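# Observations on the three-dimensional arrangement
The lines below spell out each chain.
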Amino acid sequence: VQIANYSDTTLLLDSENVYLEKDGQRIYALDESAVGAFEDLIQLPATLRTGEVRGLVVFPGVSTQQLREWQLVIDLRYQELGEARFSLD
């Protein structure tokens, strides 16, 4: 996942606003304390003011073959920025 922020608005990313969704079911990303073996895991919570951050987001129980059934959601509505949804083909 690569996230870019080119405004002065600080983005706060944590394990509660990055998730997979399918038919109303959600699977939340694991945070760094749960998955210490992944060095490139986005350290959640993360603060991004400007620039880009890139990293691995881990979702428990979903194989790479099952990803196309889910949407990746980055929900920033609590920051009044809306949400972004991505199909994973």
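Right, let's walk through the structure included here. (Residues numbered from 1 in each chain as written. Predicted model: local features only at pLDDT ≥ 70, side-chain atom pairs only at ≥ 80, totals over all residues. Heavy atoms only, no water.)

### Structural notes on the sheet that holds strand 8 (residues 83–87)
Within a sheet, adjacent strands bond to each other through the backbone by hydrogen bonds, running parallel or antiparallel. Taken in spatial order, the four strands line up as 4-3-7-8 in an open sheet, and their pairing is antiparallel. Edge strands, defined here as strands with exactly one partner in the open sheet, are strand 4 (25–28) and strand 8. When strand polarity is set aside, the average angle formed by the axes of neighbouring strands in this sheet is 30°. In terms of strand pairing, strand 3 (residues 18–22) meets strand 4 through four bridges, oriented antiparallel. Within strand 4, the position partnered with Tyr 19 by the bridge is Tyr 28. (Pairing = 2+ DSSP bridges. Helix = DSSP H or I, 4+ residues; strand = E, 2+ residues; numbered from the N terminus. Axes fitted to C-alpha atoms, helices over the stretch in contact; angles between N-to-C directions.)

### Focus: unusual backbone geometry
Even without being glycine, Asp 23 reaches a positive phi, approximately 50°. Looking at the element boundaries, Asp 23 is found in the loop between strand 3 and strand 4. Even without being glycine, Glu 80 reaches a positive phi, approximately 60°. Its location among the elements puts Glu 80 in the loop between strand 7 (71–75) and strand 8.

### Focus on the side chain of Asp 75
Among the structural elements, Asp 75 can be located in strand 7. Apart from residues no more than four positions distant in its own chain, Asp 75 is found in contact with Asn 17, Tyr 19, Gly 82 and Glu 83. (Contact = heavy atoms within 4.5 Å.)

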